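Here is how the chains run, residue by residue.
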Amino acid sequence: MPLVKQVGQGAGSESDALLGVFSRNPSTTNNSLLDFSALCVYPLDELDRHFDSTRDLCYTNGGHLQGEGEVAYIEYEVKSSCANLPLNTIKAYPCGSDHTPSPMASRISQEAKAVLEMSSYHLTAVAVSVREGHSIVFLGDTKGNLHKVYLGQDGEAKVYANITIQLNSPINKDLLLDQNGRHIYIMTKNIVKKRPVAECEDHLDCQSCLSAKDPYCGWCVLQGRCCQRWECKQGSLQDQWLWSFKQTQQCLSIHHLSFYNISRGEKNNITISVKGLPSLGKGEAYSCFFQDTQTRATLTTTGVVCPTPDANSLPPIDYGDEFVVLTLSLRFMNVTVAETEFTFYNCTLVQQLSGHRP
């Protein structure tokens, strides 16, 4: 039996859509098709036109369409029939009345192309959430699994996660999102579970967050955490929140330094290039840390410029070593935005080893 449930805003569309899952009847004798299911999307404006056409034909034309015969009729064995009322009846009673025929049905089906077909699962439930202009569909099946599907603006559907709620216990058709869309209620025969729609906080670093490819999640650059956009302060601003589901999205990194090593006693400014570095508000600033030694960073169009620290604030170069390698990190408050390695060398020792004197 088919199951149709839930209305949601289609991503990239100006109109709402009805999402339905359809599964083959379990009593089918063809075992190879037993678990075949499909997800279909019906634009509501198209459904409205179909409803209006059915009503108009049943009100004024006896339910008949030229060349097609009877296409509109009265359903559920109600003792009524389509009529030939005056044309102004349509305008006067657009939603029906006691003297108009009802309940009406159409013999012409409303067709839609399946956006997702699943041959290994018998789907039982559907719910849809719309966030940041993206449609995320939740599907339940007879094996107790919850499937998370991203529905793209071009109609492409991609399953990005599968979760077992209760093994081999069918998901009830009443799959519900809470009022703010942050949790989903999932019911089987003997349990009800409330789960967050996403668990972004499980990803503790940027690479893990972006690798999750979860359309709810993204890396909040200046807070240094994986979260939903609404949880990221200034997440609506450019470069502040890196969307996990974007295939080409990358974590911030230091692409280039004006130089990668320097004599331990030399003072100079290092230009650090970081593509996509977020702009800051008034009174905010980045800092450079050479291991644990902080210097103030000056924001540029391509990154920052940082002065090298005083020699006495750097760790010593061990006896017999020519250099020491430190972690150079760009930070916002206590959050590391990007980092690389930087080398301080002992100029005197290098000259001695090469046989030169000052």
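Everything quoted here is computed from the prediction, not taken from an experiment. (Residues numbered from 1 in each chain as written. Predicted model: local features only at pLDDT ≥ 70, side-chain atom pairs only at ≥ 80, totals over all residues. Heavy atoms only, no water.)

A. Region of the structure containing the overall build of the protein chain. Across its full length, the protein chain carries four helices and 27 strands. When burial is assessed residue by residue, the protein chain has 40% of its 358 residues classed as buried. Of the contacts formed within the protein chain by residues at least 6 apart in sequence, a portion of 51% connects residues at least 24 apart. (Helix = DSSP H or I, 4+ residues; strand = E, 2+ residues; numbered from the N terminus. Buried < 20%, exposed > 50% of the residue type's maximum accessible area, 1.4 Å probe, protein only. Contact = heavy atoms within 4.5 Å.)

B. Structural detail: the state of the cysteines. Per the stated rule, a full pass over the model turns up six disulfides. One disulfide bridge connects Cys206 with Cys251, the sulfur atoms lying 2.1 Å from each other. On the S-S bond that ties Cys206 to Cys251, the torsion sits near -110°, and the link is left-handed. Here Cys206 is found in helix 3 (residues 206–211), whereas its partner Cys251 is found in the loop between strand 18 (241–243) and strand 19 (254–257), with 45 residues between them in sequence. Two residues, Cys288 and Cys306, share a disulfide whose sulfurs are 1.8 Å apart. Measuring the twist about the S-S bond at about 65°, one finds the Cys288-Cys306 disulfide to be right-handed. Of the two residues, Cys288 is situated in strand 22 (residues 286–290) and Cys306 in strand 25 (residues 303–307); the sequence distance between them amounts to 18 residues. Looking at Cys288, the relative accessible area reads 0%, which means it is buried. Taking relative accessible area as the criterion, Cys306 reaches 0% and is therefore assigned buried. The connectivity of the disulfide-linked cysteines in the protein chain, indexed sequentially, is 1-2, 3-6, 4-10, 5-8, 7-9, 11-12. (Disulfide = S-S within 2.5 Å.)

C. Molecular detail of the sheet that holds strand 12 (residues 157–164). Read from one edge to the other, the open sheet built from four strands follows the order 9-10-11-12, with strand pairing classed as antiparallel. Across the chains shown, the open sheet's two edge strands, defined by having one partner strand only, are strand 9 (123–131) and strand 12. Direction aside, the axes of adjacent strands within the sheet are offset by 20° on average. (Pairing = 2+ DSSP bridges. Axes fitted to C-alpha atoms, helices over the stretch in contact; angles between N-to-C directions.)

D. Just helix 1 (residues 44–60), in detail. Taking 1.5 Å as the rise per residue, helix 1 with 17 residues should run 24 Å; its terminal C-alpha atoms sit 24 Å apart, in good agreement. Taken as a whole, helix 1 has its buried residues at Leu47, His50, Thr54, Arg55, Leu57, Cys58, Tyr59 and Thr60. Of the surrounding elements, those touching the buried residues of helix 1 are strand 2 (16–23), strand 3 (37–43), strand 4 (64–65), strand 6 (72–74), helix 2 (88–92) and strand 7 (104–106). Looking one or two residues beyond helix 1, the residue adopting positive phi is Gly62, at roughly 65°. (Expected span 1.5 Å × (residues − 1).)

E. Structural view of the packing of aromatic side chains. For the structure on display, the rule yields eleven aromatic pairs. Aromatic pair Phe22 and Tyr42: ring centres 6.5 Å apart, planes at 65°, arrangement edge-to-face. Of the two residues, Phe22 is situated in strand 2 and Tyr42 in strand 3; the sequence distance between them amounts to 20 residues. Geometrically, the ring pair formed by Tyr286 and Phe332 is edge-to-face, given 6.1 Å between the ring centres and 70° between the ring planes. With Tyr286 in strand 22 and Phe332 in strand 26 (residues 323–332), the pair connects residues that are 46 residues apart, well separated along the chain. For the residue pair Tyr286 and Phe332, the accessibility class agrees, reading buried in each case. Ring pairs connect the aromatic residues Tyr150, Tyr160, Trp243 and Phe245, which therefore count as one cluster. The ring of Phe289 has Arg331 sitting right over it, with the charged end atom 3.9 Å from the ring centre. (Phe/Tyr/Trp six-rings, centres within 6.5 Å; stacked < 30°, edge-to-face > 60°. Lys NZ or Arg CZ within 6 Å of the ring centre and 35° of its normal.)

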